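For reference, the chains in residue letters:
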Amino acid sequence: MVTFTENFMENQRIKFSKKFEEFRNNLYFVLVNPESQGNIGAVARALKTSGFKNLILVNPPHLDHADVRKMAHRSLDLIKSARLCNTFDEAVKDMHLIAGTAMRKRQFNYPLYSPDETRERLIATALQRPAAIVFGNERNGLTNIELSKCHIQSTIPTATQQPALNLAQAVMIYAHNFFVNFNMKQETEKIARAGQQEYEKFFVHLVHSLQRVNFIPRDGMEEFMIRVRRLFNRMALESRDIRMMHKLLQIFEKRIQALENESNSEKNEIY
């Protein structure tokens, strides 16, 4: 018996959205007749890095193998908790929606949905009930009979027909697509832009500083400041950025004042 010590999400980096928590609790990744222990380990790693935990293995090879441990890398807990089944039917019997994956259109010409489209079709079901996305074995994929038992069929668009994506790569693309679309949008840093009054005070300060050094633009100060505003408006500055710019101007002004004082002192000594 294999002993596993890792805990799921022990190094979680991102707080999951409530919607993703519900989705991942109900979504199962099913590998049907996988042949490579290395691929199984790599799939576990792909799922864990994308926040998923439900893995079903149909008729897998022996799991107590060095390639499983090597490729899983801190994800062996998913393999420990994986549900082992003997048949495709046993694996999907409790699912309310099944998405089968295929590299190409088969003879029955099912519509093939992209990972994005597949996610949208899984959401309504997987937020409330068990659903599955199913992957066939490395050589032949799912059989036509197995695909016929799936409610929708999905494929990953690629530039070429050969070489095909590795099993673990395919799982990673789906899992990461789901993870990003549920979580990363809300994790994007929200920039608290500086208010208009802060911008205006800075522009007044800038003009004053430029006049201190007798700077005269070729096309006039008004045209020059329009170009400056255009530059700053594209930068989405925060209040702390505006304060930093004021500070820089103050440093220059302080140095200019010191130089003027030195110059006046020298003049007084001469006279």
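Residues numbered from 1 in each chain as written. Predicted model: local features only at pLDDT ≥ 70, side-chain atom pairs only at ≥ 80, totals over all residues. Heavy atoms only, no water.

Enquirer: Report on the overall build of the protein, specifying residues and quantitative values.
Expert: When helices and strands are counted, the protein shows eleven helices and seven strands. Against the compact-globule benchmark of 18 Å for 271 residues, the protein has a radius of gyration of 31 Å, which places it well outside the compact range. C-alpha atoms of the protein, sized along the principal axes, occupy 105 × 45 × 40 Å. Counting the 271 residues in the protein, one finds 42% classified as buried. Summarising the internal contacts of the protein: among those between residues at least 6 apart in sequence, 85% fall at separations of at least 24. About 16600 Å² of surface is accessible on the protein, with carbon and sulfur atoms providing 51% of the total. (Helix = DSSP H or I, 4+ residues; strand = E, 2+ residues; numbered from the N terminus. Rg over C-alpha atoms; globule rule 2.2 N^0.38 Å. Buried < 20%, exposed > 50% of the residue type's maximum accessible area, 1.4 Å probe, protein only. Contact = heavy atoms within 4.5 Å. Areas by Shrake-Rupley, 256 points an atom, 1.4 Å probe, with all protein chains shown as cover.)

Enquirer: Explain the nonpolar core residue by residue, including any values.
Expert: F23, F29, L47, F52, F135 and F178 are the most contacted members of the largest nonpolar core, which has 41 residues in total. In terms of residues, this core owes the most to one element, helix 8 (residues 167-187), which gives nine residues. The residues contacting F178, other than those within four sequence positions of it, are F20, F23, L27, F29, F52, P115, R119, L122 and I133. Ranked by size, the runner-up nonpolar core spans 17 residues in total, among them V92, M95, L142 and C150. (Core = buried A, V, L, I, M, F, W, Y, C linked by side-chain atoms within 4.5 Å.)

Enquirer: An account of unusual backbone geometry is needed here, citing residue identities and associated values.
Expert: At H73, a position not held by glycine, the phi torsion is positive, near 45 degrees. One can find H73 in the loop between helix 3 (66-72) and helix 4 (76-80). The class for H73 is partly exposed, based on a relative accessible area of 43%. A positive phi angle, close to 70 degrees, is found at R74, a residue other than glycine. Mapping R74 onto the fold places it in the loop between helix 3 and helix 4.

Enquirer: I'd like a rundown of the sheet that holds strand 6 (residues 131-135), residues and numbers included.
Expert: One open sheet accounts for seven strands, arranged 3-2-1-6-4-7-5; its pairing is parallel. The sheet terminates laterally at strand 3 (83-85) and strand 5 (112-113), the two strands that pair on one side only. Of the pairings in the sheet, the one linking strand 5 to strand 7 (residues 152-154) comprises two bridges and is parallel in character. By the bridge assignment for strand 7, Y113 is matched with S154. Set on the sheet, helix 1 (residues 18-26) makes contact with strand 1 (27-32) and strand 6; between it and strand 1 the angle comes to about 35 degrees. (Pairing = 2+ DSSP bridges. Axes fitted to C-alpha atoms, helices over the stretch in contact; angles between N-to-C directions.)

Enquirer: If you had to explain a nonpolar patch on the surface to someone new, which residues and values would you point to?
Expert: The grouping of M244, L248, I251 and F252 at the surface amounts to a nonpolar patch, some 410 Å² of accessible area in total. Note that I251 resides in helix 11 (residues 239-270). (Patch = residues over 30% accessible without salt bridge, like charges linked within 9 Å, V, L, I, M, F, W, Y side chains within 5 Å. Salt bridge = Lys/Arg side-chain N within 4 Å of Asp/Glu carboxyl O.)

Enquirer: Explain the pattern of salt bridges to me, using residue names and the numbers behind them.
Expert: Using the criterion set out here, one finds eleven salt bridges in the structure. R119 is the partner of E120 in a salt bridge, and the nearest nitrogen-oxygen pair spans 3.0 Å. Salt bridges sharing partners connect three or more residues here, namely D116, R119 and E120.

Enquirer: Lay out the packing of helix 9 (residues 196-212) against helix 10 (residues 221-233) in plain terms, naming residues and giving numbers.
Expert: One way to put it is that helix 9 packs onto helix 10 with a least axis distance of 12 Å and a crossing angle of 135 degrees. It follows that helix 9 is oblique to helix 10 by the angle criterion. As helix 9 runs across helix 10, the sense of the crossing is right-handed. Here Q196, Y199, E200, F202, F203, L206, V207 and L210 of helix 9 come into contact with helix 10, specifically with M221, F224, M225, V228, R229, F232 and N233. The residue inventory of the contact of helix 9 with helix 10, partitioned by class, reads eleven nonpolar, two polar and two charged. (Parallel < 35°, antiparallel > 145°, perpendicular 65-115°, else oblique. Left-handed = near helix turned anticlockwise from the far one by under 90°. Nonpolar A, V, L, I, M, F, W, Y, C, P; charged D, E, K, R; others polar.)

Enquirer: Provide a residue-level description of the layout of surface pockets, including the pertinent values.
Expert: Its volume calculated, the largest pocket comes out at about 690 Å³. Lining the largest pocket are 26 residues, and of these A102, M103, R104, A164 and L165 sit closest to its centre. With three residues, the top contributor of residues to the lining of the largest pocket is helix 8. By residue class, the composition of the lining of the largest pocket is twelve nonpolar, ten polar and four charged. (1 Å grid on protein atoms, 1.4 Å probe; cavity = no way out; pocket = protein on both sides within 12 Å on 5 of 7 lines; lining within 4 Å. Points joined across faces, edges and corners; volume = space filled by probe spheres on them.)

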